[in-house]
Amino acid sequence: VEAGPGGYYAPIGLLVDMQRGTAEAIDLYGSGVLPRWRPAGAAELEDDQGLDGGDDGEGEGGTQDASRGTGVAECLVGIAFVEQRFQERPGSAESAVVCLYQTNRMVVLTMSDFQKHEQMLLEEAATRRQREDEPISIAVLPSSSNGCFHIVVSYKSLHMRWWQVSLTGCRQVAMSQVYKYRLLHLAIMELPSTAASMRPQVGVEP
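What you see is a predicted model, and the numbers here were worked out from it, not measured in a lab.

1. Here's the deal with the environment of A25
Move 1: Structurally, the position occupied by A25 is in strand β2 (residues 22-26).
Move 2: Under the relative-accessibility criterion, A25 is labelled exposed at 52%.
Move 3: Along the sequence, A25 and G13 sit 12 residues apart, while their C-alpha atoms lie 5.8 Å from each other.

Here you go:
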């Protein structure tokens, strides 16, 4: 949810109960609501509004990640819910929430134990340009044939990449750059097993 164009704070998540008519803020960043920037007097503003949480991410007991250190929020690109049997956990499929951020940081939250599994959605041999390329949209599809789910990501560079992701690793399956415009909305589905190719098909909406 965007607080407003040019707002001081980064977008937040809301858990909305349609029956009760209530909304609860959800911490998508793991460290509280982050500012887009920190102008003069920002600390005093946070203290007045009670949004500081007691510290500014510095000093004893505080943590400061790269996004907070530069004063820029690590914005969430997309979120999806999957039922997947992961290769690290043999057995039945389990529910998981998949989050991808602009820094290419991926977080998979397994609902059975509420454990957070983090990794960078990058290959080890990724170039600097690839590491700095920002994702802008995702589509996720579970897989019944292996312990990884599929995720297709569009980037600001006009590339689109198809990944297979487990709890502890990722692998780029394919990449394409055949579009003139940035892809803002993606959808993915698996063809029937009778088809010659079982590769997921992606629908795009510029």
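There is more to say after this.
2. Remarks on the sheet that holds strand β6 (residues 115-120)
Move 1: The 4 strands lie next to each other as β3-β4-β5-β6, forming an open sheet whose pairing is antiparallel. The open sheet is flanked by β3 (76-84) and β6, the only strands paired with a single partner. Averaged over all neighbouring strand pairs, the angle between strand axes comes to 20 degrees, with direction disregarded.
Move 2: Note: strand β4 (residues 94-101) against strand β5 (residues 105-110), 5 bridges, orientation antiparallel. Each bridged residue has a counterpart across the sheet, and for V98 the counterpart in β5 is V108.

3. Topic: the sheet that holds strand β7 (residues 135-141)
Whether parallel or antiparallel, the strands of a sheet pair through hydrogen bonds between backbone atoms.
Move 1: Reading across from one edge, β7-β8-β9-β10 is the order of the 4 strands in this open sheet, with antiparallel pairing throughout. Pairing within the sheet leaves two strands with one partner each, and these edge strands are β7 and β10 (170-176). Across the sheet, the mean angle from the axis of one strand to that of its neighbour is 20 degrees, orientation sign disregarded.
Move 2: Bridge count between β7 and strand β8 (residues 149-155): 6 bridges; the pairing is antiparallel.

4. Side note on the pairing of β5
Move 1: Most of β5 is tucked away, with 5 of its 6 residues classed as buried.
Move 2: Where β4 hands over to β5, the hairpin turn is made up of 3 residues, of which N104 adopts a positive phi near 75 degrees.
Move 3: Pairing of β5 with β6, which is carried by 6 bridges, proceeds in the antiparallel orientation. Bridge pairing in β6 links V108 to H117.

5. Comments concerning the nonpolar core
Move 1: Counting residues in each nonpolar core, the largest one holds 18 residues, and the members touching the most others are M106, L121, F149, I151 and V153.
Move 2: For this core, the element with the highest residue contribution is β8, accounting for 4 residues.
Move 3: In this structure M106 touches V98, C99, L100, H117, E118, Q119, L121, F149, I151 and V165, once residues within four positions along its chain are discounted.
Move 4: Ranked by size, the runner-up nonpolar core spans 8 residues in total, among them A139, L141, V152 and L183.

6. Digging into a nonpolar patch on the surface
Move 1: Among the surface-exposed residues, L14, V16 and M18 lie close enough to one another that they form a single nonpolar patch of about 320 Å² accessible area.
Move 2: Note on placement: V16 falls in strand β1 (residues 13-17).

7. A word on the pattern of salt bridges
Move 1: This model, assessed by the stated rule, comprises 7 salt bridges.
Move 2: The partner of R89 in a salt bridge is E94, with the nearest N and O atoms 3.1 Å apart.
Move 3: R105 is the salt-bridge partner of E118, the closest N and O atoms lying 2.6 Å from each other. Placement of E118 in strand β6 and of R105 in strand β5 is noted, with a sequence separation of 13 residues between them.
Move 4: On the basis of relative accessible area, E118 is assigned to the partly exposed category, the value being 41%.
Move 5: Residue R105 is classed as buried on the basis of its relative accessible area of 15%.
Move 6: Put simply, R89, E94 and D113 are held in one network by salt bridges that share partners.

8. Looking at the packing of aromatic side chains
Move 1: Under the counting rule described, the total for this entry stands at 1 aromatic pair.
Move 2: For R105, the ring lying beneath its charged end belongs to Y101, and the centroid distance is 4.4 Å.
Move 3: The ring of Y155 is capped by R161, whose NZ or CZ atom sits 4.5 Å from the centre of that ring.

Calculation criteria
- Residues numbered from 1 in each chain as written.
- Predicted model: local features only at pLDDT ≥ 70, side-chain atom pairs only at ≥ 80, totals over all residues.
- Heavy atoms only, no water.
- Helix = DSSP H or I, 4+ residues; strand = E, 2+ residues; numbered from the N terminus.
- Buried < 20%, exposed > 50% of the residue type's maximum accessible area, 1.4 Å probe, protein only.
- Pairing = 2+ DSSP bridges.
- Axes fitted to C-alpha atoms, helices over the stretch in contact; angles between N-to-C directions.
- Core = buried A, V, L, I, M, F, W, Y, C linked by side-chain atoms within 4.5 Å.
- Contact = heavy atoms within 4.5 Å.
- Patch = residues over 30% accessible without salt bridge, like charges linked within 9 Å, V, L, I, M, F, W, Y side chains within 5 Å.
- Areas by Shrake-Rupley, 256 points an atom, 1.4 Å probe, with all protein chains shown as cover.
- Salt bridge = Lys/Arg side-chain N within 4 Å of Asp/Glu carboxyl O.
- Phe/Tyr/Trp six-rings, centres within 6.5 Å; stacked < 30°, edge-to-face > 60°.
- Lys NZ or Arg CZ within 6 Å of the ring centre and 35° of its normal.

Function-wise, these values are silent; they only describe arrangement.
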